[in-house]
Amino acid sequence: MCGIVAYIGHKPAKELLIEGLKRLEYRGYDSAGLALMNGDLQIVKAVGRVANLEAKVAKTKNLHAHMGMAHTRWATHGGVTEPNAHPHTDDKRKICLVHNGIIENYATLKKVLSERGRTFHTETDTEVLATLIGELYEGDIEQAVQAALREVTGAYAIVVWCSDEPETFIAARKGGPLMVGIGNGEYIVASDPSAIVAHTTQAFALEDYNVVKITRDGFRTSTIDNKSVSPKVMQLEMDLEETELGAFEHYMRKEIFEQPNALRTTFRGRIDLNEGRIVLGGVAKFAKELVKARRFTLTAQGTALHAAMIGEYLLEDLAKVPAECEYASEFRYRNPIIEENAVVVAVSQSGETADTLAALQEAKDRGALALGVVNVVGSTIARETDAGVYLRVGPEIGVASTKAFTGQVAVLTMLALYMARRKFMSPYESAQLMRELEKVPDHIERALQADSHIKSVVEKHCAKENWLFLGRGYNYPVALEGALKLKEISYIHAEGMPAAEMKHGPIALINDGMPCVFIANKGRQYDKVMNNIEEVRSRGGHIIAIATEGDDAIRDLANDVIFVPDVPEPLSPMVTVIPLQLMAYHAAVIRGHDVDKPRNLAKSVTVE
Ligand code: F6R
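Note that the coordinates shown come from a computational prediction; the quantities given were computed from them, not determined experimentally.

Looking only at helices and strands, the protein has 19 helices and 26 strands in total. Relative to the 2.2 N^0.38 estimate, which gives 25 Å for 608 residues, the radius of gyration of the protein is 25 Å and therefore close to what a compact globule would have. Within the protein, the fraction of its 608 residues that count as buried is 61%. Partitioning the contacts of the protein with sequence separation of at least 6, the portion at a separation of at least 24 is 70%. Total accessible area computed for the protein in this model is approximately 23,000 Å², and 47% of it derives from carbon and sulfur atoms. Averaging the coordinates of the 68 positive side-chain charges in the protein and doing the same for the 80 negative ones gives two points 1 Å apart.

Structure (structure tokens):
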């Protein structure tokens, strides 16, 4: 979603801010802007890509400063226009501000401020916040920001500047992530560590309702009620090379092909074949509570929800513990009942998804033990949970999640095996499954070899505007994920559903040549899936089957077959999803779309 970078130090700010914005581009945005402070306030904005802003900045004279703030905007209030892009000022140009999040009571505030004679020139909630700070300013910008934030409801990560205190930034957060990088005589404030690590690896994350006042000489952190707080300074661990495209054309393709090695890293040091046990240091402290757990609730959004659904099946199938999976956005508001010894598992690549974070907090408040299955180290969800297991799949830049999905499923598989072994599973039985688990990266490598065949299958069908994805058991969430991947980057309408559900209505959609993708690898419900394939085929649907190598019988039923290696059923989602990721990728490329930056989408959804 929106991105923030601000700098105060001794380096030329213009280049540094543009470079920082480029590192944030993957998050999704539709306009960008920057403000430079060098005695005067200069603001440049552009609709579209950061490259447009860069070109405009290059044409603007005298943009020299060692202090400035920049922003990529993903429109929420008001259209994608230059005036609506950030930074925003109040009507007196005394206050300048960039903001991620949504000020929910902006309409009321705007009315009150208008009645006091303040004027507005944009449709944004952010301009209202800038004006409110201006209105409350009585000679101390830190106090004015604190006072304004006591008045607002909603989510914010902000950086504020005031012309009366031109060598000072104030930053604050509630909800949206914001970090402060501490360099040598310089500070970088950013919504994402990737904009900081090129300059320093020392940083701290602002907590909710915290405010930081930064000058070249130092910083002070407080709450919005002006109580002093001490931030926890940490070492950022991010290899910038991991965020480079290298020889690949798109990040999504790079990340699809990274999956074998990414999962090897996920498993490293966690599979102990001698003892037949999974080692999860991140949850060891709560091992007893986990064994006693009466119910697991897994919560997430989007692709992470599909991984969580597989986790639900794994926990019941392998660990024999009741589990349920739910959209975080529903869970947080439906007054959920949390019984004694309940565990909630928040699954998230970014660790910043607003609904997932809120669901986690709701469950914690009601007494659940909170676990995180998160990729981004030190992210808000990772910090808010009692314990957790990191994915370790490296930075995911492509907006469409791929390696994080297989990483999430891998971690949830390990969690289920960890529980099973502690509850009842023999070391022998557990070691057998763990041996198979260790082979999954090799199976993914093999599944990736079907890339050009998959492309040729997609070429035949990608002009079709409606697709179905069908599967049973573990393959039902995989079908949902296949449909989501296809729709989000190729803009083809796709639906995923349990194969048996089709007869209850959706079968009416089947017409001549409609692509119907069946995840039909060998498993407990294989024969039933074959029946479902017959039903669709007899109504003219075009069957594309994901099948187990060696299953020659399926060739007679399906129009196109994509084979994957034979994998034990509980481990199969990490392999059967690979052709679906590649199908979506090829469909988007063939249809000429921007694979890594699909329209309207953001990498991390930090507003609800
Ligand atoms: C789809 C996708 C999204 C995310 C969802 C949750 O490809 O990436 O559906 O999975 O927004 O994001 P995280 O995992 O960061 O909580």
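For the rest of this paragraph, the subject is the site of the ligand. Lining the immediate surroundings of the ligand are 13 residues, of which Ser-348, Gln-349, Ser-350, Thr-353 and Glu-488 lie closest. At 2.4 Å from an oxygen atom of the ligand is found a side-chain nitrogen or oxygen belonging to Thr-353. Burial of the ligand by the protein chains amounts to 90% of its free accessible area of 400 Å². Listing elements by their share of the shell around the ligand, those giving two or more residues are helix H9 (302-317) and helix H16 (475-490).

A separate point is the environment of Asn-184. The residue Asn-184 is located in the loop between strand E9 (179-182) and strand E10 (187-190) in this model. Asn-184 gets classed as exposed once you look at its relative accessible area, which sits at 70%. C-alpha separation for the pair Asn-184 and Ala-300, spaced 116 residues apart in sequence, amounts to 39 Å.

What follows concerns the side chain of Glu-481. As for its position among the elements, Glu-481 is in helix H16. Separated by 2.9 Å, the side chains of Glu-481 and His-306 make a polar contact.

The subject of this paragraph is the packing of aromatic side chains. If you walk through the whole model with that rule in mind, you get 5 aromatic pairs. Seen in terms of ring centroids, Phe-248 and Phe-257 are 6.3 Å apart; in terms of plane orientation they differ by 35°. Their pairing is tilted. Since its relative accessible area comes to 32%, Phe-248 is described here as partly exposed. Each ring, one from Tyr-313 and one from Tyr-474, has its centre 5.8 Å from the other, and the planes form 50°; the classification is tilted. Remark: Tyr-474 occurs in the loop between strand E22 (466-471) and H16 and Tyr-313 occurs in helix H9; sequence separation between them is 161 residues.

This part covers the pattern of salt bridges. What the rule picks out here adds up to 36 salt bridges. Note that Arg-49 is salt-bridged to Asp-594, the shortest N-O span being 3.2 Å. Remark: Asp-594 occurs in the segment after helix H19 (573-590) and Arg-49 occurs in the loop between strand E3 (41-47) and helix H2 (50-59); sequence separation between them is 545 residues. Put simply, Glu-481 and Lys-485 hold a salt bridge, and the shortest N to O gap is 2.6 Å. Here Lys-485 and Glu-481 lie together in helix H16, a separation of 4 residues that amounts to about one turn. Note on accessibility: Glu-481 and Lys-485 belong to one class, buried.

Here we come to helix H1 (residues 13-24). Relative to the 16 Å expected for 12 residues at 1.5 Å per residue, H1 spans 16 Å between its end C-alpha atoms, a close match to the ideal helical length. Inspection of H1 places Ala-13, Lys-14, Leu-16, Leu-17, Ile-18, Gly-20, Leu-21 and Leu-24 among the buried residues, and these make up the whole buried set. Contact partners of the buried residues in H1: strand E1 (3-8), strand E2 (31-37), H2 and strand E4 (67-73).

This part covers the domain arrangement of the protein. Parsing the protein into structural domains produces domain 1 (3-242), domain 2 (246-446) and domain 3 (452-590). On a C-alpha basis, the centroid separation for the pair domain 2 and domain 3 is 25 Å. Tallying the contact residues gives 32 residues for domain 2 and 29 residues for domain 3. Of the roughly 2,700 Å² buried where domain 2 meets domain 3, counting both sides, 73% is carbon and sulfur surface. In terms of surface lost to domain 3, no three residues of domain 2 exceed His-306, Tyr-313 and His-443, which account for 19% of the buried area on that side. The interface formed by domain 2 and domain 3 holds 2 salt bridges in total. Between Arg-524 and Asp-317 there is a salt bridge, and its shortest N-O distance comes to 2.9 Å. Summed over the shared surface of domain 2 and domain 3, the number is 10 residue pairs in polar contact (both at pLDDT 80 or more). Of all the secondary structure elements, the ones that give two or more residues to the side of domain 2 that touches domain 3 are helix H6 (251-257), helix H7 (259-267), H9, helix H13 (403-423) and helix H14 (427-448). Considered class by class, the residues forming the side of domain 2 that touches domain 3 number 17 nonpolar, 10 polar and 5 charged.

For strand E24 (residues 515-519), the buried fraction is high: 5 of the 5 residues fall into the buried class. Judged by which residues are buried, E24 turns out to be covered on both faces: Pro-515, Val-517 and Ile-519 on one side and Cys-516 and Phe-518 on the other are all buried. Across 5 bridges, the pairing between E24 and strand E25 (residues 542-548) is parallel. When the sheet's bridge partners are listed, Ile-519 is paired in E25 with Ile-546. Once you follow E24 into helix H17 (residues 526-537) and on to E25, the crossover reads as right-handed.

A few words on the sheet that holds strand E14 (residues 234-235). Spatially, E3-E2-E4-E1-E10-E9-E11-E14 is the arrangement adopted by the 8 strands of the open sheet, whose pairing is antiparallel. Looking along the sheet, the strands with just one partner apiece sit at the ends: E3 and E14. Running at roughly 155° to E1, H1 makes contact with E1, E2 and E4 of the sheet. Sheet strands touched by H2: E2, E3 and E4. Its angle to E3, the strand with the most contacts, is close to 140°.

With that settled, consider the packing of H9 against H13. At a minimum axis distance of 9 Å, the contact between H9 and H13 shows a crossing angle of 20°. Classified by the angle their axes make, H9 and H13 are roughly parallel. In the packing of H9 onto H13, the handedness of the crossing is right-handed. Touching Thr-303, Ala-304, His-306, Ala-307, Ala-308, Ile-310, Gly-311, Leu-314 and Leu-315 of H9 are Phe-405, Gln-408, Val-409, Leu-412, Thr-413, Ala-416 and Met-419, all from H13.

Remark: helix H3 (residues 106-115) packs on helix H4 (residues 125-136), axes separated minimally by 10 Å, with the N-to-C direction vectors making an angle of 45°. In terms of axis orientation, H3 runs oblique to H4. Between H3 and H4 the crossing geometry is left-handed. Here Tyr-106, Leu-109, Lys-110 and Leu-113 of H3 lie close against H4, whose contacting residues are Asp-125, Val-128, Thr-131, Leu-132 and Glu-135. Partitioned by chemical class, the residues of the contact of H3 with H4 number 5 nonpolar, 1 polar and 3 charged.

On to unusual backbone geometry. Here the amide bond leading from His-86 into Pro-87 is cis, since omega sits at 0°, within 30 degrees of zero. Within the secondary structure layout, Pro-87 lies in the loop between E4 and strand E5 (88-89). The residue Tyr-209 is not glycine, and still its phi comes out positive at about 65°. Mapped onto the fold, Tyr-209 is located in the loop between strand E11 (202-205) and strand E12 (210-215).

About the criteria used
- Residues numbered from 1 in each chain as written.
- Predicted model: local features only at pLDDT ≥ 70, side-chain atom pairs only at ≥ 80, totals over all residues.
- Heavy atoms only, no water.
- Helix = DSSP H or I, 4+ residues; strand = E, 2+ residues; numbered from the N terminus.
- Rg over C-alpha atoms; globule rule 2.2 N^0.38 Å.
- Buried < 20%, exposed > 50% of the residue type's maximum accessible area, 1.4 Å probe, protein only.
- Contact = heavy atoms within 4.5 Å.
- Areas by Shrake-Rupley, 256 points an atom, 1.4 Å probe, with all protein chains shown as cover.
- Lys, Arg positive; Asp, Glu negative; His and termini not counted.
- Charge placed at Lys NZ, Arg CZ, Asp CG, Glu CD.
- Near = heavy atom within 4 Å.
- Polar contact = N/O pair within 3.5 Å; in protein donor to acceptor, adjacent residues only side chain to side chain.
- Phe/Tyr/Trp six-rings, centres within 6.5 Å; stacked < 30°, edge-to-face > 60°.
- Salt bridge = Lys/Arg side-chain N within 4 Å of Asp/Glu carboxyl O.
- Expected span 1.5 Å × (residues − 1).
- Domains from an automatic or database assignment.
- Buried area = accessible area lost by both parts, 1.4 Å probe.
- Nonpolar A, V, L, I, M, F, W, Y, C, P; charged D, E, K, R; others polar.
- Pairing = 2+ DSSP bridges.
- Right-handed = clockwise from strand over helix to strand, strands pointing away.
- Axes fitted to C-alpha atoms, helices over the stretch in contact; angles between N-to-C directions.
- Parallel < 35°, antiparallel > 145°, perpendicular 65-115°, else oblique.
- Left-handed = near helix turned anticlockwise from the far one by under 90°.

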